[in-house]
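What the coordinates show
This is what each chain is made of:
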There are 2 protein chains.
Amino acid sequence: MTHTPTSVSTGATPLSSTPRSTVRRGHKRSRTDRAALYDVLDSCLICHLGLVRNGAPVVLPTVYGRLDDVLYLHGSTGAASLIAAADGAPVSVAVTRLDGIVYARSVFHHSMNYASAVVHGTASPVTEPAAKREALRVVTEHVAPGSWEHARLPTRKELAATAVLALPLDEASVKLRSGPPNDDDPDVAGHEGWAGVLPLRRHWDAPQPCPLLADGTPVPPHVAGRDLP
Amino acid sequence: MTHTPTSVSTGATPLSSTPRSTVRRGHKRSRTDRAALYDVLDSCLICHLGLVRNGAPVVLPTVYGRLDDVLYLHGSTGAASLIAAADGAPVSVAVTRLDGIVYARSVFHHSMNYASAVVHGTASPVTEPAAKREALRVVTEHVAPGSWEHARLPTRKELAATAVLALPLDEASVKLRSGPPNDDDPDVAGHEGWAGVLPLRRHWDAPQPCPLLADGTPVPPHVAGRDLP
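Below you will find a few notes about this structure. Position numbers for residues count from 1 along each chain, tracking the sequence in the order it is written. Think of it this way: whatever chain is written first is A, whatever ligand is written first is 1, and the rest follow in order. Whole-chain, interface and lining totals are the exception, using all residues; otherwise, since this is a predicted model, local features are given only for residues with pLDDT of at least 70 and side-chain atom pairs are given and counted only at 80 or more. To get the side-chain values, take all heavy atoms of the structure and skip hydrogens and water.

**Let's talk about the overall build of chain A**
When helices and strands are tallied, chain A shows seven helices and eleven strands. The cut-offs for exposure are 20% and 50% of the maximum accessible area for each residue type, with area from a 1.4 Å probe on protein chains only; residues under the lower value are buried, those over the upper are exposed, and the others partly exposed. Evaluated residue by residue, chain A yields a buried proportion of 55% over its 229 residues. By definition in these notes, contact holds between two residues if any of their heavy atoms fall within 4.5 Å. Of the contacts made within chain A by residues no fewer than 6 positions apart, 72% connect residues no fewer than 24 positions apart. Methods summary: accessible areas were calculated by the Shrake-Rupley approach with a probe of 1.4 Å, and residue burial reflects only the protein chains presented. As presented, chain A carries roughly 9,200 Å² of accessible surface, and 55% of it is formed by carbon and sulfur atoms. Numbering of helices and strands runs from the N terminus, with a helix taken as a DSSP run of H or I at least four residues long and a strand as a DSSP run of E at least two residues long.

**Section: the interface of chain B and chain A**
In this assembly, 94 residues from chain B lie in contact with 94 residues from chain A. Counting each side, the surface lost to burial between chain B and chain A is near 8,000 Å², with a carbon and sulfur contribution of 68%. Salt bridges are identified by distance alone: a Lys or Arg side-chain nitrogen within 4 Å of an Asp or Glu carboxyl oxygen. Applying the counting criterion to the chain B and chain A interface returns four salt bridges. With a shortest N-O distance of 3.1 Å, D205 of chain A and R201 of chain B are connected by a salt bridge. N or O atoms closer than or at 3.5 Å make up a polar contact, with two conditions inside protein: a donor-capable atom paired with an acceptor-capable one, and, for residues adjacent in sequence, both atoms drawn from side chains. At the boundary of chain B and chain A, one finds 30 residue pairs in polar contact (both at pLDDT 80 or more). It is strand β10 (residues 196-204) of chain B that provides the largest number of residues to the side of chain B that touches chain A, a total of nine residues. Residues are grouped as follows: nonpolar covers Ala, Val, Leu, Ile, Met, Phe, Trp, Tyr, Cys and Pro; charged covers Asp, Glu, Lys and Arg; every other residue, Gly included, is treated as polar. In the side of chain B that touches chain A, the residues fall into 56 nonpolar, 24 polar and 14 charged. Any two strands between which DSSP finds at least two bridges are classified as paired. Of the strand pairs in this sheet, strand β10 (residues 196-204) of chain A and strand β11 (residues 208-209) of chain B are connected by two bridges, and their pairing is antiparallel. Here the quantity called buried area is the accessible surface, traced with a 1.4 Å probe, that two parts lose on coming together, added over both.

**Comments concerning the relation of the copies chain B and chain A**
Here the copies are matched by least squares. The fit uses the C-alpha atoms of residues with pLDDT of at least 70 in both. Taken as rigid bodies, chain B and chain A are interconverted by a rotation of 180° and an axial shift of 0.0 Å, the fit giving an RMSD of 0.0 Å. The transformation just described matches what one would write down for a two-fold rotation axis. Minimal C-alpha distance to the rotation axis in chain B is attained by R202 of chain B, lying at 2.2 Å.

**Thoughts on the environment of A172 of chain B**
Residue and element names in this part refer to chain B. Along the polypeptide, A172 turns up in strand β9 (residues 171-177). Relative accessible area serves as the criterion here: at 4%, A172 is assigned to the buried category. Residues A172 and L37, 135 residues apart in the sequence, show an inter-C-alpha distance of 7.9 Å.

**A word on unusual backbone geometry**
All names here are of chain B. One non-glycine residue, N54, lies in the positive phi region at around 55°. Structurally, N54 can be placed in the loop between β2 (46-53) and β3 (56-67). Backbone geometry at D68 places phi at a positive 55°, although glycine is not the residue there. Structurally, the position occupied by D68 is in the loop between β3 and β4 (70-76). By relative accessible area, which is 57% here, D68 ends up exposed.

**Section: helix α1 (residues 34-42) of chain B**
Because each turn of an α-helix spans 3.6 residues, side chains separated by three or four positions end up pointing in the same direction. The set of residues buried in α1 of chain B consists of R34, A36, L37, V40 and L41 of chain B. Down the axis of α1 of chain B, the sector holding all buried residues measures 160°, keeping them to one side. Comment: arc refers to directions from the helix axis out to C-beta atoms.

**A word on the pattern of salt bridges**
All names here are of chain A. Tallied over the entire structure, the rule returns 18 salt bridges over all chains. Among the salt bridges present, the one from D42 reaches R66, with a minimum N-O distance of 2.9 Å. Of this pair, D42 sits in helix α1 (residues 34-42) while R66 sits in strand β3 (residues 56-67), and the two are 24 residues apart along the sequence. By relative accessible area, R66 is classed as partly exposed at 22%. The salt bridge involving R105 is made with D183; its shortest N-O contact spans 2.9 Å. Linking R105 in the loop between β5 (90-103) and β6 (111-122) with D183 in the loop between β9 (171-177) and α6 (185-190), this pair joins segments that are 78 residues apart in sequence. Residues participating in the shared-partner salt-bridge network are D39, R97 and D99.

**With respect to the packing of aromatic side chains**
Side-chain rings of Phe, Tyr and Trp (the six-membered ring for Trp) are treated as a pair once their centres are within 6.5 Å; stacked means planes under 30 degrees apart, edge-to-face means over 60, and tilted covers the remaining angles. Summed over the entire model, instances satisfying the criterion amount to two aromatic pairs over all chains. Charge-over-ring contacts are defined here by two conditions on Lys NZ or Arg CZ: a distance within 6 Å of the ring centre and an angle within 35 degrees of the ring normal. Stacked on the ring of Y38 of chain A, the Lys or Arg R66 of chain A has its end atom at 3.7 Å from the ring centre.

**Overview of the side chain of S43 of chain A**
Residues and elements named next belong to chain A. Relative to the elements of secondary structure, S43 occurs in the loop between α1 and β2 (46-53). A polar contact of 2.7 Å, which involves the side chain of S43, links it to the side chain of R97. S43 has contacts with R97, R202 and P229, leaving out every residue within four places of it along the chain.

**A look at the environment of R53 of chain A**
In this fold, R53 of chain A is placed in strand β2. Each C-alpha atom of the pair R53 of chain A and A89 of chain A lies 9.7 Å from the other, and the pair is 36 residues apart in sequence.

**Brief notes about the pairing of β6 of chain A**
Residue and element names in this part refer to chain A. Here β6 lies mainly inside the structure; eleven of its twelve residues are buried. Alignment of β5 against β6, held across twelve bridges, turns out to be antiparallel. Bridge pairing in β6 places V91 opposite G121. Taken together, the seven bridges between β6 and β9 define a ladder with antiparallel strand orientation. Residue pairing across strands places V118 opposite S173, the latter belonging to β9.

**Examining the pairing of β3 of chain B**
Residues and elements named next belong to chain B. Where β2 lies against β3, eight bridges are found, and the strand directions are antiparallel. In the strand pairing of β3, L49 is matched with L60. Between the end of β2 and the start of β3, which pair antiparallel, lie two residues, with N54 showing a positive phi angle near 55°.

So, in structure tokens, the structure goes:
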């Protein structure tokens with residue numbers, strides 16, 4: 001399977017490019033505009049946080065939210081790895097949206113349509129109560145838009161039991177692939193089988209009310225009418 | 001947002017437990033049976049590979065396949081990071097399936113329903129031609145079942161231009177969350193809003209034939225009738 005170039009940069013506010021954030025393969029597939037970064041981050045719900053612990057890499061899924069050029073990562077204070085990451089150590093955060101499977105005429109040119117962002121930097125804990133509350137609002141409104149208004153807000157104790165990390169969006173790489181397979185000419189001419197893309201989509205299924213809910217409690221619009229991010 | 005325990009282990013063949021693979025939070029949510037690990041790996045399509053480069057973590061999305069207790073990761077030979085990982089360095093591979101958003105009565109108990117696996121180990125490159133071909137078959141049949149039979153198979157040159165890493169499934173942690181919110185009793189009694197789960201599902205959209213395909217080329221059953229993994 002190969003990764004063939006299909007997109008070009010339309011960047012106005014370039015992302016910084018360093019050796020580790022410069023895309024080494026399928027480079028014509030990379031994007032350097034900030035809008036592309038925002039699009040990937042805003043259209044997904046979970047990220048994978050990578051950090052180094054005892055010399056070895058650890059990757060963990062978690063939820064996040066973005067406000068302007070800061071990514072907020074959520075973690076319980078019991079999460080040793082998040083705490084370690086918060087201690088000024090370098091982190092890498094990847095967000096990937098899979099859009100479809102590319103069935104090429106050759107196995108070699110099989111691929112995926114996707115959008116991915118990898119952010120590098122140093123995460124720092126958000127500790128000042130008002131800032132932490134705001135960061136938690138950003139994460140909550142990303143994961144469950146409308147909940148900050150609908151649900152009971154965090155108490156001081158709950159806020160203390162929650163860890164939020166801030167990661168500036170200074171250094172990031174964005175990659176996109178879209179469109180049909182990119183087969184070699186002899187395969188296009190000579191292969192009689194099918195080739196194309198099988199798109200993968202997401203959808204919300206019907207809301208499942210909590211069994212402890214009073215009968216007839218209406219599903220609010222922010223849940224019933226939620227759009228995909 | 002908290003991560004509340006909802007699942008128990010039913011393990012018959014336990015996964016090894018070491019400090020780094022022992023789940024530190026939401027521990028009752030962890031699974032130690034191999035079947036749970038297989039289920040997560042087999043029901044997703046992309047993984048996030050973490051490794052250490054120049055002392056800093058790097059997380060990259062890629063495709064994979066599983067054969068028994070070996071995970072095969074795919075990468076072009078141009079991917080510097082995969083090559084580095086192949087050099088006997090420790091890696092961490094995370095696979096996460098997001099199943100829904102848990103809307104609790106409190107912001108604090110908001111959560112996600114999900115299944116995740118994090119595998120730790122040392123990846124090694126698969127270089128022997130027959131083994132590499134087989135590993136590539138495993139990855140291809142995971143990402144695009146039926147393609148190994150339908151598409152043109154890799155040439156020797158294409159095989160040489162492809163890197164496949166093997167990672168033994170020796171050390172892994174698996175976490176699952178399912179079910180309704182786990183609110184505090186006072187919130188259950190006193191909150192008048194809605195609480196429940198909004199399930200997130202995936203579906204295949206209609207296949208998009210390659211524009212270069214001859215008119216009338218039928219969509220084969222392995223694409224048209226593909227089930228979700």
